[in-house]
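# Structural characterization, general
Here's the letter readout for the chains.
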Amino acid sequence: MSGPRIGILALQGDVREHARALDAVGARPVEVRRAAELAAVDGLVLPGGESTTIGRLLRVFELLEPLRAAVVAGLPVFGSCAGMILLARDVVDGRPDQPLIGGLDMVVRRNAFGRQVDSFEVDLDVDGVAGPPVHAVFIRAPWVEKAGDAVEVLARVAEAPVAVRQGPLLATAFHPELTGDSRMHRLFVDIVRSSGSGR
Amino acid sequence: MAPDWSEKRRHIMSQGQTAATAGPATDSARHAGTARVKRGMAEMLKGGVIMDVVTAEQARIAEDAGAVAVMALERVPADIRAQGGVARMSDPDMISEIIEAVSIPVMAKARIGHFVEAQVLQALGVDYVDESEVLTPADPHHHIDKWSFTVPFVCGATNLGEALRRIAEGAAMIRSKGEAGTGEVSNAVVHMRTIRAEIGRLAALPAEELYAAAKELRAPVELVAEVARLGRLPVVLFTAGGLATPADAALMMQLGADGVFVGSGIFKSGDPARRARAIVEATTMFNDPDVLVKVSRGLGEAMVGINVAELPAAARYADRGW
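Residues numbered from 1 in each chain as written. Chains lettered and ligands numbered in written order. Predicted model: local features only at pLDDT ≥ 70, side-chain atom pairs only at ≥ 80, totals over all residues. Heavy atoms only, no water.

Looking now at the sheet that holds strand β5 (residues 88-92) of chain A. In sheet architecture, strand pairing relies on hydrogen bonds along the backbone and comes in two forms, parallel and antiparallel. Residues and elements named next belong to chain A. If you trace the three strands from one edge of the open sheet to the other, you get β5-β6-β9, paired in mixed fashion. Unpaired on one side and paired on the other, β5 and β9 (143-147) mark the two borders of the sheet. Pairs of neighbouring strands in the sheet enclose a mean axial angle of 30°, with direction left out of account. (Pairing = 2+ DSSP bridges. Helix = DSSP H or I, 4+ residues; strand = E, 2+ residues; numbered from the N terminus. Axes fitted to C-alpha atoms, helices over the stretch in contact; angles between N-to-C directions.)

In structure tokens form, the structure reads like this:
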């Protein structure tokens, strides 16, 4: 059985690292820059990057509405860092006009852990990921400020949720694509496989 | 996965750099300022445009246009050329205003070898320090020891050996130098092609020839071997110096840049906001000529520029650093 076709939104950010991680768990990564390319994937990764930049480019290249529609239709999506912000219902400390895709019933705080000098690595227990702790890299990272009842919190740093899931949507404030540990990507590919959207 | 060289350096050089205390509560197991965190920050900027700005207002225009970061400096390179004099780190007030004005990362320049300017920039909360040949070098022999900082550094390079010497000193991101403040892209092209070609040659060498290659490149053999194995630098490679149009940005992306710095090219042009947007869109869709046509229309005047060939040797910034 060939692996699912998983798109990576390739407008800006660490696309190559996600491609490598998806490849390592047997998925077939493809870059997505156009609405037509979006229609041909079984799941989608929103990479790390600058959420304001990606948001603006989503609008310019007419991907925002197709993406919102795909999320409503049940497309599995995994967002890391900027990708987590894009999946949020609302953002604190963002820009007032910052376009979001939404889908996860949560409010995130942008750059919640501080500036780059405050960026850090830490070992983290993540629900649903078996084995040793996940080594998590936080870079000017957001956290989840408020989450609805439907949102399952998979991991926290101190009090703040930093990994969440709601149905086929998965988001992390950290960057599993930077460490060579592919377990978060495996979890996402399992979500894609079991969602059986038949796309 | 972790590169041996950088991890070794991390352990040797960054003793005691742990425990970031921002956040909801302290967590003793947190490690800040690691090679992975520094290099990872640059990975997040890939496919993006970093714009030189000299005021908070320009920083807002850059953020509105979709810049992934801004570079705060006192004078853009074109003005440094025109006005002459010693070019130094910017006024802390100006940098703080820019940090306040935007939500995207803010970079700032320190003079080559001026580690105290870098200490000041780190204390200001700048997200990346550019140890830059555009400013007047402070030390003719030594670059900054960048391992000893929590803030990451980007440095310029004209060839692979220079890039690897900067990485050996702790640079977490490299940009090809080009010739800043000219609006002329030819040197950026030459430097990017040179770095790529030298990487290609290394990748084709048998392992036993890497020692001599390291000697020729004047770079640590561990880094040379890593580049040969990866087929690229172990850090992100941006381009800079003389980009003025959307087509310039797309050219450099097609030549293999991970992203672009635009200095004087935006705010020395007729319609900075529009040109900034166009360059961002061209950098994303660098392989799509239809988009490049669309974004290149109606931009108004580009910066006038200077032909690099007419610059006397003393006026070439790319020769600064070694």
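Let us look at the interface of chain B and chain A. Taken together, the contact pairs 51 residues of chain B with 45 residues of chain A. Our count for the chain B to chain A interface comes out at nine salt bridges. A salt bridge links R115 of chain A to D127 of chain B, with the shortest nitrogen-to-oxygen separation between them at 2.5 Å. At the junction of chain B and chain A, the tally comes to 23 residue pairs in polar contact (both at pLDDT 80 or more). Elements with a minimum of two residues in the side of chain B that touches chain A: β1 (31-32), α2 (35-43), α3 (56-65) and α13 (272-284) of chain B. At six residues, the largest contribution of residues to the side of chain B that touches chain A is made by α2 of chain B. (Contact = heavy atoms within 4.5 Å. Salt bridge = Lys/Arg side-chain N within 4 Å of Asp/Glu carboxyl O. Polar contact = N/O pair within 3.5 Å; in protein donor to acceptor, adjacent residues only side chain to side chain.)

Right, let's get into the side chain of S80 of chain A. All names here are of chain A. Residue placement: S80 occurs in strand β4 (residues 77-80). In this structure S80 comes out as buried when scored by relative accessible area, which is 0%. Within the structure, the side chain of S80 is placed 3.0 Å from the side chain of H18, a separation counted as a polar contact. Those residues in contact with S80 that sit more than four places away from it in its chain are H18, L46, P47, G48, T172, F174, H175, P176 and E177. (Buried < 20%, exposed > 50% of the residue type's maximum accessible area, 1.4 Å probe, protein only.)

Here we take up the layout of surface pockets. Put simply, the second largest pocket is a space of about 370 Å³. In terms of lining, the second largest pocket is formed by 18 residues, of which the most central are V15, E31 and R33 of chain A together with G47 and F286 of chain B. Within the residue set of the lining of the second largest pocket, elements represented by two or more residues are α1 (15-24) of chain A together with α13 of chain B. Looking at which element gives the most residues to the lining of the second largest pocket, the answer is α1 of chain A, with three residues. (1 Å grid on protein atoms, 1.4 Å probe; cavity = no way out; pocket = protein on both sides within 12 Å on 5 of 7 lines; lining within 4 Å. Points joined across faces, edges and corners; volume = space filled by probe spheres on them.)

On to helix α6 (residues 115-124) of chain B, then. Residue and element names in this part refer to chain B. Residues of α6 that are buried include every one of E117, A118 and L121, and no others. The buried residues of α6 all sit within an arc of 100° when viewed along its axis, so they share a single face. Tucked inside the fold, the buried residues of α6 contact α5 (92-101), β4 (106-111), β5 (128-132) and β6 (153-157). The positive-phi residue at the C-terminal boundary of α6 is G125, with phi of around 90°. (Arc of directions from axis to C-beta.)

This part is about unusual backbone geometry. All names here are of chain A. With phi around 65°, D93 is a residue other than glycine that occupies positive phi space. Counting through the fold element by element, D93 comes out in the loop between β5 and β6 (104-109). The class for D93 is partly exposed, based on a relative accessible area of 49%. Phi is positive for N111, which is not a glycine, with a value near 50°. Here N111 is to be found in the loop between β6 and β7 (120-124). Judged by relative accessible area, N111 falls into the partly exposed class, the value being 22%.

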